[in-house]
Amino acid sequence: MSNEKVNRVVLIGTGAVGCSYAYSLINQGVVEELVLIDVNEAKSEGEAMDLNHGMPFAPSPTKVWNGSYKDCEGADLVVITAGLAQKPGETRLQLVEKNTKIFKQIVAQIMENNFNGIFLVATNPVDILTYVTYKESGLPKERVIGSGTVLDSARLRFALGQYFNIDTRNVHAAIIGEHGDTELPVWSHAFIGVRPLETILAAKKDVKKECLEDIFVNVRDAAYQIIERKGATFYGIGMSLVRITKAILNNENSILTVSSYLDGEYGHKDVYVGVPSIINRSGIREIIKIDLNEKETEQFNHSVSVLKETMNSGISS
Ligand SMILES: NC(=O)c1ccc[n+]([C@@H]2O[C@H](COP(=O)([O-])OP(=O)(O)OC[C@H]3O[C@@H](n4cnc5c(N)ncnc54)[C@H](O)[C@@H]3O)[C@@H](O)[C@H]2O)c1
């Protein structure tokens, strides 16, 4: 083995979400090594073969192989997308008990192999499973990150971009809270380009507040709508995970609404929830405290209390 330091990501779970992530990671040339692990070994082996066959057309080489938990030693990032997905009509929180059991086994095997990098969790309910990963791994809170409301914020930015006919990359708006039914849009701090959304609303009579409410409801319920049509959601989350991976491995200090551990921020403790956070090579550098208005504060507090209730009943067993 050479002494050269290369970036290694270990992906646990090569289902629809995991493979969308892997495919996007390779196509963006983000890492030198990508290890695939799945309880269904034939599946991860087949995925590694298939992904490798696209390598002549990738922007830079990625060494991809079907590995084992031993490969976690020295890995920079472990991304977990393993577990059960939502069935039609099932909420993310209903998945909690089943996926907590799976996570306890997975995290134990990773830590037995001296993993000392950063965890990125996407499996639902993501805020709760990120908490489980934090507790089971014993790693510092900064190095255990959930995908949180990064995808939801992307959905909101896309929808607002469509509505105002502005490049979605110039739309700055965040969804915070639980990645799920109690999440909320932070309209008070949303910008289209450099103009606050609230200023646009005040000036433009043809933009109605109700339209924004419809946009948010569609964002919040997007997963249900997609699952109803195609059975699962995976491209959006795959690209969201790549965005977070790049923020970490490239030491970007990017602001993303990942699921972060609150230790007094926003008046809450001992819970993972989606809030804007600065992400770099050390993980979560800092949680950004937004000055929420009264309604947003109330909604955020409600979201945290729903998460805590579910956590208390769902992960103790
Ligand atoms: N965070 C988000 O924004 C977001 C978005 C979409 C989906 N998800 C979640 O991602 C998860 C995966 O969804 P999916 O569509 O890829 O599901 P999937 O069923 O296609 O894939 C899950 C994979 O996990 C593997 N697996 C199960 N138990 C395992 C174990 N103990 N060890 C290793 N691998 C194991 C399965 O074999 C399967 O390949 C779900 O929980 C889903 O709800 C999250």
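Thresholds, definitions, all that
Residues numbered from 1 in each chain as written. Predicted model: local features only at pLDDT ≥ 70, side-chain atom pairs only at ≥ 80, totals over all residues. Heavy atoms only, no water. Helix = DSSP H or I, 4+ residues; strand = E, 2+ residues; numbered from the N terminus. Rg over C-alpha atoms; globule rule 2.2 N^0.38 Å. Buried < 20%, exposed > 50% of the residue type's maximum accessible area, 1.4 Å probe, protein only. Contact = heavy atoms within 4.5 Å. Areas by Shrake-Rupley, 256 points an atom, 1.4 Å probe, with all protein chains shown as cover. Lys, Arg positive; Asp, Glu negative; His and termini not counted. Charge placed at Lys NZ, Arg CZ, Asp CG, Glu CD. Pairing = 2+ DSSP bridges. Axes fitted to C-alpha atoms, helices over the stretch in contact; angles between N-to-C directions. Salt bridge = Lys/Arg side-chain N within 4 Å of Asp/Glu carboxyl O. Near = heavy atom within 4 Å. Polar contact = N/O pair within 3.5 Å; in protein donor to acceptor, adjacent residues only side chain to side chain. Expected span 1.5 Å × (residues − 1). Arc of directions from axis to C-beta.

Let's hear about the overall build of the protein chain: which residues, and what values?
Helix and strand content of the protein chain: ten helices and 16 strands. The C-alpha radius of gyration computed for the protein chain amounts to 19 Å, which stays within 12% of the reference 20 Å derived for 317 residues, consistent with globular compactness. By principal-axis analysis of the C-alpha atoms, the protein chain measures approximately 65 × 45 × 35 Å. Looking at the protein chain as a whole, 53% of its 317 residues qualify as buried. If you take every contact in the protein chain between residues at least 6 apart in sequence, the share linking residues at least 24 apart comes to 70%. Of the roughly 14700 Å² of accessible surface on the protein chain, a fraction of 51% belongs to carbon and sulfur atoms. The positive charge centre, built from 32 side chains, and the negative charge centre, built from 39, are 3 Å apart in the protein chain.

If you had to explain the sheet that holds strand β12 (residues 254–256) to someone new, which residues and values would you point to?
On the basis of which strands lie adjacent, the open sheet formed by three strands has the order β12-β15-β16 and antiparallel pairing. Each having just a single partner strand, β12 and β16 (283–287) make up the two edges of the open sheet. Averaged over all adjacent pairs, the angle separating strand axes in this sheet is 40 degrees, with direction ignored. Pairing analysis gives four bridges linking strand β15 (residues 277–280) to β16, with the strands arranged antiparallel. When the bridges of β16 are listed, Ile279 appears paired with Ile284. Across the sheet, helix α9 (residues 235–249) is in contact with β12 and β15; its angle to β12 comes to roughly 145 degrees.

A description of the pattern of salt bridges should follow, citing residues and the corresponding values.
Scanning the model with the defined rule gives ten salt bridges in all. Between Asp270 and Lys135 there is a salt bridge; the shortest N-O distance is 3.8 Å. Taken as a pair, Asp270 in strand β14 (residues 269–274) and Lys135 in helix α4 (residues 126–137) lie far apart in primary sequence, 135 residues in all. The class of Lys135 is partly exposed, set by a relative accessible area of 46%. One network of salt bridges, in which partners are shared, links Lys5, Asp76 and Arg281.

Just give me the short version of the site of the ligand, but keep the residues and values in it.
Inspection of the region around the ligand gives 23 residues, with Ala16, Val17, Asp38, Leu84 and Ala122 positioned closest. The contact in question runs from a nitrogen atom of the ligand to an N or O atom on the backbone of Val39, over 3.2 Å. Look at the ligand: alone it shows 860 Å² of surface, and the protein chains cover 84% of it. Breaking the shell around the ligand down by element, the ones donating at least two residues are α1 (16–27) and α3 (96–112). For the shell around the ligand, the element with the most residues is α3, which contributes three residues.

Hey, could you go over the pairing of β14 for me, with residue numbers and the actual values?
Relative to β14, strand β13 (residues 259–263) runs antiparallel, the two sharing five bridges. The residue of β14 that forms the bridge with Ser259 is Gly274. The turn linking β13 back onto β14 is made up of five residues, and Gly264 within it adopts a positive phi angle of 110 degrees.

Any chance you could break down α3 for me, citing the residues and the numbers?
In this model α3 runs 24 Å from its N-terminal to its C-terminal C-alpha over 17 residues, within 8% of the 24 Å that 1.5 Å per residue would give. Where α3 is concerned, the buried positions are Val96, Asn99, Thr100, Phe103, Ile106, Val107 and Ile110. Projected down its long axis, α3 shows its buried positions confined to an angular sector of 135 degrees, all on one face. Turned more than 90 degrees away from the buried face of α3 sit Lys101, Gln105 and Glu112, all of them exposed. After α3 finishes, the residue Asn114 shows a positive phi value of roughly 60 degrees.

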